[in-house]
Amino acid sequence: MTSRSLPDSTMPVYRRILLKLSGEALMGDDAYGINRQVLGRIVGEIKEVVGTGVQLALVIGGGNIFRGIAPGAQGMDRATADYMGMLATVMNSLSLQDALRQADVPAVVLTALPMDVVAEPYSRRAALHYLEDGRVVIFAAGTGNPFFTTDTAASLRGLEIGADVVLKATKVDGVYTKDPMRHADARRYDVLTYNEALEKRLGVMDATALALCREQNMQLRVFSINTPGSLMRVVRGENEGTLVRRGD
C-alpha cells in the first residue's frame, strides 16, 4: 500500500505578500523615532520569510516621525502636513533598507515622490522586476498624493503588484470589538468581513483602503509585529491575528 505524503505545514502558503508596517511599530517603547533593537528584530523576521522564497514588498507609515493628522500638524495646511508625513515614510524606508542590506537581504526603495538622489521613482514595472529578482521592495511616500493614508497606499500597491494578501502589522494581535487596551471585555475576531469592519468602524484600516480591498477581493490579515515569529506563522497560513475578507 502506497503512503500519501501530507502537505508540509512549514511551507509558505503565499508566493507574494504586501506587508504594511506602521511607523509607530519601529519606536518600540521609545517616544519618538526608530528603536534599533526593534528594527533589528523586524529585519530578522523579514529575512526568515524571504529565505523561504516568498516575494515581499513593504509600505511603511511615518507616524513615529510625523503624521499629517497629528497634534503637531494642527493649524497647518492639510496638504502640506501630508507631504511632510510622506517624507517621514521615506526616512523610515531608507532606515529599513539599510538595516536589511546589513543583514544581507537585498532591498530597494521606490518612492512615489521623485527624489532621485536617495531612492528610485516608483513604477509598477520596476517593482515587479525587483520582486522577481528576489529583492525586498519598499514603497515610500504613500501614494504620492495628500489626503490618502499609507493604509490606502498598502492596499493600492498590493493590488498593483498582484500580492496574494495584504498583511497589516500592528502593536495589537488582531482586530477587537473595542480597544483591548481600555476594555478588559474586548473580544478578538478570528475572521471578519469588510462590510462588518466598515459598518462597525473597527479601525482596521481607513475606509478607502478597506473599500478598495473589498472591491478587488483582496484578503487582509491584521497581526502583531511584536509577537516573535508572528510574520512567519502568518506566511505559513496559521491562524495568527484576524483575517479580513469579503463576505460573499
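The structure we're discussing is the one just above.
Reading the values: rules and limits
- Residues numbered from 1 in each chain as written.
- Predicted model: local features only at pLDDT ≥ 70, side-chain atom pairs only at ≥ 80, totals over all residues.
- Heavy atoms only, no water.
- Helix = DSSP H or I, 4+ residues; strand = E, 2+ residues; numbered from the N terminus.
- Expected span 1.5 Å × (residues − 1).
- Buried < 20%, exposed > 50% of the residue type's maximum accessible area, 1.4 Å probe, protein only.
- Arc of directions from axis to C-beta.
- Salt bridge = Lys/Arg side-chain N within 4 Å of Asp/Glu carboxyl O.
- Pairing = 2+ DSSP bridges.
- Right-handed = clockwise from strand over helix to strand, strands pointing away.
- Core = buried A, V, L, I, M, F, W, Y, C linked by side-chain atoms within 4.5 Å.
- Contact = heavy atoms within 4.5 Å.

Enquirer: Which parts of the structure should I look at to understand helix 1 (residues 36-50)?
Expert: Helical geometry note: an α-helix holds 3.6 residues per turn, so side chains three or four residues apart project in the same direction. Taking 1.5 Å per residue, 15 residues should reach 21 Å; helix 1 reaches 21 Å between its end C-alpha atoms and fits that length. Those residues of helix 1 lying buried are V38, L39, I42, V43, E45, I46, V49 and V50. Buried residues of helix 1 fall within an arc of 160° about the axis and therefore sit on the same side. Residues of helix 1 that are exposed and angled more than 90 degrees away from the buried face: R36 and Q37.

Enquirer: Explain the pattern of salt bridges here, please?
Expert: Pairing is possible between side chains of opposite charge, provided their charged atoms come close. All told, the structure shown has 10 salt bridges when counted by the stated rule. In this structure, K178 engages D185 in a salt bridge whose closest nitrogen and oxygen atoms are separated by 3.2 Å. Residue K178 is classed as partly exposed on the basis of its relative accessible area of 35%. The class of D185 is exposed, set by a relative accessible area of 55%. The network of salt bridges with shared partners includes R15, R16 and E132.

Enquirer: Would you explain the pairing of strand 9 (residues 242-245) in this entry?
Expert: The side chains of a regular strand alternate, first on one face of the sheet and then on the other. Pairing geometry for strand 7 (residues 191-193) and strand 9, over 3 bridges, is parallel. Bridge pairing links L192 to V244 in strand 9. Note that strand 8 (residues 220-224) and strand 9 share 3 bridges and pair antiparallel. Among the inter-strand pairings, R221 is bridged to a residue of strand 9, identified as L243.

Enquirer: Whenever I open this one, the pairing of strand 2 (residues 55-60) confuses me. Can you help?
Expert: Judged by how many residues are buried, strand 2 sits mostly within the fold: 6 of 6 residues are covered. With burial as the criterion, each face of strand 2 is covered, one bearing Q55, A57 and V59 and the other bearing L56, L58 and I60. Since strand 1 (residues 16-21) and strand 2 lie parallel, the crossover through helix 1 that links them has a hand, and here it is right-handed. As paired elements, strand 2 and strand 5 (residues 136-140) share 3 bridges and run parallel to each other. Paired with L58 across the bridge in strand 5 is I138.

Enquirer: Would you mind going over the nonpolar core with me for this structure?
Expert: Counting residues in hydrophobic clusters, the biggest one holds 42 residues, and the most contacted among them are I17, I46, L100, V136 and I138. Of the residues forming this core, the biggest block, 7 residues, is contributed by helix 1. Those residues in contact with L100 that lie beyond four places of it in its chain are V43, I46, V105, A107, V136 and I138. Counting 32 residues, the second-largest nonpolar core is a separate cluster that includes A57, A153, L202 and M205.

Enquirer: Help me understand the environment of A88, please; the structure alone is not making it clear to me.
Expert: On the secondary structure map, A88 appears in helix 2 (residues 78-102). With 36 residues separating them along the chain, A88 and T52 place their C-alpha atoms 31 Å apart. Leave out the neighbours within four places in its chain, and A88 touches G62, I65 and F66.

Enquirer: Mind showing me how you'd approach helix 4 (residues 150-160) here?
Expert: Counting buried positions along helix 4 yields 8 of 11 residues, so the element is predominantly enclosed. Buried residues along helix 4 sit against strand 1, strand 2, helix 2, strand 5, strand 6 (165-170) and helix 6 (207-215). Two residues or fewer past helix 4, G162 is found with a positive phi of approximately 70°.

Enquirer: Is there a simple way to think about the side chain of T170 in this case?
Expert: Inspection of the secondary structure puts T170 in strand 6. On the accessibility criterion, T170 (15% relative accessible area) is buried. When neighbours within four sequence positions are excluded, T170 is seen to be in contact with V222, F223, S224, I225 and N226.

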